Protein chains: 2
Amino acid sequence: MLFFTQCFGAVLDLIHLRFQHYKAKRVFSAAGQLVCVVNPTHSLKYAPTRCAAAQVSTEQGILPPCHHHEAVHDPQLVPCTCPLFSCQWEGHLEVVVSHLRQTHRINILQGAEIVFLATDMHLPAPTDWIIMHSCLGHQFLLVLRKQEKYEGHPQFFATMMLIGTPTQADNFTYRLELNRNQRRLKWEATPRSILECVDSVISDGDCLVLNTSLAQLFSDNGSLAIGIAITTSKAHSSEAEM
Amino acid sequence: MLFFTQCFGAVLDLIHLRFQHYKAKRVFSAAGQLVCVVNPTHSLKYAPTRCAAAQVSTEQGILPPCHHHEAVHDPQLVPCTCPLFSCQWEGHLEVVVSHLRQTHRINILQGAEIVFLATDMHLPAPTDWIIMHSCLGHQFLLVLRKQEKYEGHPQFFATMMLIGTPTQADNFTYRLELNRNQRRLKWEATPRSILECVDSVISDGDCLVLNTSLAQLFSDNGSLAIGIAITTSKAHSSEAEM
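Residues numbered from 1 in each chain as written. Chains lettered and ligands numbered in written order. Predicted model: local features only at pLDDT ≥ 70, side-chain atom pairs only at ≥ 80, totals over all residues. Heavy atoms only, no water.

### Digging into the overall build of chain A
Next up, step 1: On a plain count of helices and strands, chain A comes out with 6 helices and 14 strands.
Next up, step 2: By the burial criterion, 50% of the 242 residues in chain A qualify as buried.
Next up, step 3: Within chain A, counting contacts between residues at least 6 apart in sequence, those at least 24 apart form 61% of the total.
Next up, step 4: A total of about 11600 Å² of accessible surface is found on chain A, and carbon and sulfur atoms cover 57% of it. (Helix = DSSP H or I, 4+ residues; strand = E, 2+ residues; numbered from the N terminus. Buried < 20%, exposed > 50% of the residue type's maximum accessible area, 1.4 Å probe, protein only. Contact = heavy atoms within 4.5 Å. Areas by Shrake-Rupley, 256 points an atom, 1.4 Å probe, with all protein chains shown as cover.)

### As for the pairing of strand 6 (residues 127-135) of chain B
All names here are of chain B.
Next up, step 1: The element strand 6 is extensively covered by neighbouring structure, given that 9 of its 9 residues are classed as buried.
Next up, step 2: Here strand 6 shows no split at all, with Thr 127, Trp 129, Ile 131, His 133 and Cys 135 on one side and Asp 128, Ile 130, Met 132 and Ser 134 on the other all buried.
Next up, step 3: Two strands pair when backbone bridges link them, and strand 6 and strand 7 (residues 138-150) are joined in this way by 9 bridges, in the antiparallel orientation. Bridge pairing in strand 7 links Trp 129 to Leu 144.
Next up, step 4: Following strand 6, the chain reverses through 2 residues before pairing antiparallel with strand 7; Leu 136 in that reversal takes a positive phi of roughly 50°. (Pairing = 2+ DSSP bridges.)

### Some words on the side chain of Thr 127 of chain B
All names here are of chain B.
Next up, step 1: Structurally, the position occupied by Thr 127 is in strand 6.
Next up, step 2: Overall, the relative accessible area of 3% leaves Thr 127 in the buried class.
Next up, step 3: Within polar-contact distance, the side chain of Thr 127 engages the backbone oxygen of Pro 124 at 2.6 Å.
Next up, step 4: Ignoring any residue separated from it by four or fewer positions in sequence, one finds Thr 127 in contact with Pro 40, Thr 41, Leu 144, Arg 145 and Lys 146. (Polar contact = N/O pair within 3.5 Å; in protein donor to acceptor, adjacent residues only side chain to side chain.)

### Section: the UniProt feature "domain: Seven-in-absentia protein TRAF-like" (unreviewed entry) in chain A
Next up, step 1: As annotated by UniProt and renumbered to match this structure, "domain: Seven-in-absentia protein TRAF-like" (unreviewed entry) occupies residues 134-228 of chain A.
Next up, step 2: Regarding residues 134-228 of chain A, the helix share stands at 19% and the strand share at 58%, and the terminal C-alpha atoms are separated by 12 Å. (UniProt positions renumbered as here; feature names shortened; annotations may be inferred.)

### Comments concerning helix 3 (residues 96-104) of chain B
All names here are of chain B.
Next up, step 1: Buried within helix 3 we find Val 96, Val 97, His 99, Leu 100 and His 104. End-on view of helix 3: buried residues confined to an arc of 165°, all on one side of the axis.
Next up, step 2: A positive backbone phi angle near 55° is found at Arg 105, which sits one or two residues after helix 3. (Arc of directions from axis to C-beta.)

### Section: the environment of Leu 176 of chain A
All names here are of chain A.
Next up, step 1: With respect to the helices and strands, Leu 176 occurs in strand 9 (residues 172-180).
Next up, step 2: Residues Leu 176 and Arg 105, 71 residues apart in the sequence, show an inter-C-alpha distance of 23 Å.
Next up, step 3: Residues within four places of Leu 176 in sequence aside, it is in contact with Leu 142, Ala 158, Thr 159, Leu 185, Lys 186, Trp 187, Leu 208, Ile 226, Gly 227 and Ile 228.

### Concerning the confidence of the model for chain A
Residue and element names in this part refer to chain A.
Next up, step 1: Put simply, chain A has an average pLDDT of 74, and 63% of its residues get 70 or more.
Next up, step 2: Mean pLDDT per element in chain A: helix 2 (residues 50-59) is the minimum at 38, and strand 10 (residues 183-189) is the maximum at 97.
Next up, step 3: Low pLDDT (under 50) marks residues 235-242, which in the prediction has 23 contacts with non-local residues, meaning those over four places away or in another chain.
Next up, step 4: Confidence estimates for the predicted assembly give a pTM of 0.75 and an ipTM of 0.74. (pLDDT = per-residue confidence, 0-100.)

### Some points on the packing of aromatic side chains
Aromatic ring pairs are described here by two measures, namely the spacing of the ring centres and the angle between the planes.
Next up, step 1: Under the definition given, this model contains 7 aromatic pairs over all chains.
Next up, step 2: An angle of 90° between the planes, with centres 6.5 Å apart, marks the rings of Phe 218 of chain A and Trp 187 of chain B as edge-to-face. Placement of the pair is Phe 218 of chain A in helix 6 (residues 212-218) and Trp 187 of chain B in strand 10 (residues 183-189), with the two residues belonging to separate chains.
Next up, step 3: Owing to a relative accessible area of 3%, Phe 218 of chain A belongs among the buried residues under this scheme.
Next up, step 4: With relative accessibility at 0%, the residue Trp 187 of chain B sits in the buried group.
Next up, step 5: Taken together, a centroid distance of 6.3 Å and an interplanar angle of 45° make the contact between Trp 129 of chain B and Phe 156 of chain B tilted. Linking Trp 129 of chain B in strand 6 with Phe 156 of chain B in strand 8 (residues 153-162), this pair joins segments that are 27 residues apart in sequence. The residues Trp 129 of chain B and Phe 156 of chain B share a single accessibility class, namely buried. (Phe/Tyr/Trp six-rings, centres within 6.5 Å; stacked < 30°, edge-to-face > 60°.)

### A closer look at the side chain of Ser 219 of chain A
Next up, step 1: Mapped onto the fold, Ser 219 of chain A is located in strand 13 (residues 219-220).
Next up, step 2: In this structure Ser 219 of chain A touches Met 121, Arg 180 and Leu 224 of chain A, once residues within four positions along its chain are discounted.

### Regarding the pattern of salt bridges
Next up, step 1: Within the structure shown, the criterion is met by 18 salt bridges over all chains.
Next up, step 2: The partner of Glu 177 of chain A in a salt bridge is Arg 184 of chain A, and the shortest N-O contact between them spans 3.4 Å. For the pair Glu 177 of chain A and Arg 184 of chain A, a shared accessibility class is recorded, and that class is buried.
Next up, step 3: Asp 220 of chain B serves as the salt-bridge partner of Arg 180 of chain B, at 3.6 Å between the closest nitrogen and oxygen. Of this pair, Arg 180 of chain B sits in strand 9 (residues 172-180) while Asp 220 of chain B sits in strand 13 (residues 219-220), and the two are 40 residues apart along the sequence.
Next up, step 4: For Arg 180 of chain B, a relative accessible area of 24% gives the class partly exposed.
Next up, step 5: The exposure class assigned to Asp 220 of chain B is partly exposed, which follows from its relative accessible area of 29%.
Next up, step 6: Each of Arg 175, Glu 177 and Arg 184 of chain A together with Glu 188 of chain B takes part in a single network of salt bridges with overlapping partners. (Salt bridge = Lys/Arg side-chain N within 4 Å of Asp/Glu carboxyl O.)

Put into structure tokens, the structure is as follows:
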């Protein structure tokens, strides 16, 4: 009986996902962009951030999992940078993608421009929505995080990391775009390297930041669509250009 | 002696302003845009917002200065919407511009695209930077406000209001753009009417919002340059366009 109930639940989930994907496709099909429905990963509630944990472990004389460049072990080894706190995996840059796909089941999408459709925006903070994006011969990791930087006031933070070195990251520019309800918000920046800590990028606020009311204005039925585009960074050659 | 000291101070202020204007012109001259140096207005520190005051006065049976549409007096009369708390002036829409210019000495600029250069971003919250923009046959009011929505964490809020009715405002789209340090942030929206309360637009966060660290990344020597453009609102006819 329990088996049948679970099967029925799984079928309902599939129908729900299919419906969301269809809806997203309908909205963005005009632009000919690939739409990816991204479900939230498990909550990190009550867990300290890995950077905070890194600080504690440094004080205790243990090697920090973040800020790899400050660590003294093999510089080719990187910590797993997907923001799942429980993951203690470390490995070479070349196998980070397969680790993220196999261990954390993070999807990878191909294409110059894609739409990231984050579902269930109402879930309590902290929650993450993560996707990998393969483009221009490299892989990028998009992290959308709902977090309470100020207690009782959850905000959304979105950033893009290159699964590569900081020097490689400097060659690219990523753009995140929200467009709904007669409002449009665009953020363009150089992606950060996965060797830097995603937690510190978000805590510094050096990313796209949305308060809850703005996120609601940009959402449709609890889902937030973010248009993503990656280019080689010629656009920022002149800062005077506005 | 005191007179000479004051004269010397005034001359120094003029030289400082001239230098900032020259610097801004040098940065943006390539784009051929008009640059306006905007100094902060006096601090509203420890003063309640006019909306809060409106609520108090409503409870006490006094007509509210904000949310004019809820008031019962002449609907053609609007409260002064420049965010100087002490201003109790009310007048017809047609004379709001002359009131803002004459009483509050707010500059008015002509041109389709201008650059708003807010100086002294380090000043403590609350602080306002205000300018009027004349474009497409109408006048707009740009308000940049530094405010502590969460205690100890000042943020910057920028919005544009039409000095006209909400129906007139619906015909336009304004764009605010920041571009520096390999980062670019663009906000596009329909301007709100000056008949709505600027305080509530900002407290709702339905505007361009910057945290302090991001504002510092976009600033140059304590000045923040915001590119402003106003167009008639055809761009938002299709929400699918991204």
